[in-house]
Amino acid sequence: MAIESGVVKQEHGDHYHWHFNAQPKTSVKRLDEAQGNPAHVYLYSGNFYLANDKKNGLTMVTPTGVRSSGGKGADRFISAGGGHITLAAVDNTVAYSTWIDRDGENMGRVDVVGLTSQAAKSYSFKLPSGGIHGATENSGRVFFAPADGVCWVDADRNLSRHAESVTVNHLAIGEDAEGKPLRTGAFANHRNYVLFNSGRGPAARLCMVDATSAKPSVLQLKLDLAVGKSLSTPVTVKTRAGEELALMFQESADGSQVDKLIAVDLDPNRDGKFDDAKVTRTLEVGKSKIEGHDGHHEVAACVGGRFVVLTNPGDGSIWVVSLTDFSVQAKLSVGGSPTRLISVGS
């Protein structure tokens, strides 16, 4: 589904004006069995990318095409990746699409494909471990989340490499209490840093990698959660006061403990580096309602850095929270199990 927000952003000197001239509307809706279960949707360099798991490929969708033709001809399918696909696209020129296999011939496999009509070349390479469940791009490097730690490669924008010439770099995160390597499953980007979480309970940590570093390493902030607690994927926001925050929920699947929103100041001394990141605030929130991948809390930052909005799936509420003092400004009862949020305009 392609939805027009009805919001227009207008440059106005050193700031922007936002106009809400129209009601949101669905401009394109397509439902058919041939899509191949598009489980993930990404936004890279202004284009949308759908991972078509059952078709072992991806679909690239251009917003201009959606607007000009009502969706006809706005999308192009490309074979790459397999199983439960995660992917990263670089400058709309090349895509890295993964295979979920934990063993067998496709374990750790990443397909590299050209996205322009002139670039028909493609090749594959392998990571040292399989079970890949995350990918992103930052500063000309592509990051992956396999079963062991994090791997990264330099982006091959011109498709000038081949399987044997790709240098795969591995970053270990650590081990759990049983000696198994720690991993992650999803990334967030903030400036030149790739953020993710790893571990559960006392082993939980927020991890940060400077994608521009000559030798990237994993900065870790251990959070020492209670047994049974885990962290949600970080969401970043810059407040009106200039703080750069990573927001995460600590939540439990059985709802037996109080869930909290955690705010981490990524750069307290404002030197552009995240090596001094620390927890600055926590807020007790409503309940989650976790079942598989569903029922987690979600948080969305309002443009302008004044408020965040969060969901409580376990009690059917949405809260508005001030980023000035972390006070709850409003509690909206919506019923059901609210989960996903998006904030548009200011």
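Each remark here, short or long, concerns the structure printed above.
The present account deals with the structure reproduced in this document.

Details of the pairing of strand S18 (residues 193-198)
Now for step 1: Along S18, six of the six residues are buried, which leaves the element largely enclosed by surrounding structure.
Now for step 2: Side chains Tyr193, Leu195 and Asn197 of S18 all project onto a buried face; the interleaved residues Val194, Phe196 and Ser198 project onto the opposite face, where all are buried too.
Now for step 3: Relative to S18, strand S17 (residues 188-190) runs antiparallel, the two being bridged by three bridges. Considered in S18, the bridge of Ala188 is made with Leu195.
Now for step 4: Between S17 and S18, which follow one another and run antiparallel, lie two residues, and Arg191 among them has a positive phi close to 55°.
Now for step 5: Looking at chain direction, S18 and strand S19 (residues 205-210) are connected through six bridges and run antiparallel. Opposite Tyr193, over in S19, you have Asp210 as the bridge partner.
Now for step 6: Hairpin connection between S18 and S19: a loop of six residues separates the two successive antiparallel strands, and Gly199 in this loop has a positive phi of roughly 80°.

Some points on the environment of Val41
Now for step 1: Position of Val41 relative to the elements: it lies in strand S5 (residues 38-44).
Now for step 2: For Val41, a relative accessible area of 59% translates into the label exposed.
Now for step 3: Considered as a pair, Val41 and Thr167 are 126 residues apart in the sequence and their alpha carbons are 28 Å apart.
Now for step 4: Dropping the residues within four chain positions of it, Val41 is found in contact with Tyr49 and Leu50.

A closer look at the nonpolar core
Now for step 1: Of all hydrophobic cores here, the largest spans 32 residues; its most connected members are Tyr49, Tyr96, Phe125 and Phe144.
Now for step 2: Here this core gets four residues from one element, more than from any other, and that element is strand S9 (residues 87-90).
Now for step 3: Excluding residues that lie within four positions of it along the chain, Tyr49 makes contacts with His40, Val41, Tyr42, Tyr44, Leu58, Thr59, Met60, Leu87, Ala89, Asn92 and Leu115.
Now for step 4: Counting 17 residues, the second largest nonpolar core, distinct from the first, contains Tyr193, Leu195, Leu223 and Leu231.

Things to note about the pattern of salt bridges
Now for step 1: Summed over all chains, the structure comprises 10 salt bridges.
Now for step 2: In this structure, Glu4 and Arg67 form a salt bridge, with 2.8 Å as the shortest nitrogen-oxygen distance. With Glu4 in strand S1 (residues 2-4) and Arg67 in helix H1 (residues 63-69), this residue pair connects regions lying 63 residues apart in the sequence.
Now for step 3: As a salt-bridge pair, Asp154 and Arg141 come within 3.2 Å of each other at their nearest N and O atoms. Placement of the pair is Asp154 in strand S15 (residues 150-154) and Arg141 in strand S14 (residues 141-144), with a sequence separation of 13 residues.
Now for step 4: With a relative accessible area of 12%, Arg141 lands in the buried category.

Quick notes on the rules
- Residues numbered from 1 in each chain as written.
- Predicted model: local features only at pLDDT ≥ 70, side-chain atom pairs only at ≥ 80, totals over all residues.
- Heavy atoms only, no water.
- Buried < 20%, exposed > 50% of the residue type's maximum accessible area, 1.4 Å probe, protein only.
- Helix = DSSP H or I, 4+ residues; strand = E, 2+ residues; numbered from the N terminus.
- Pairing = 2+ DSSP bridges.
- Contact = heavy atoms within 4.5 Å.
- Core = buried A, V, L, I, M, F, W, Y, C linked by side-chain atoms within 4.5 Å.
- Salt bridge = Lys/Arg side-chain N within 4 Å of Asp/Glu carboxyl O.

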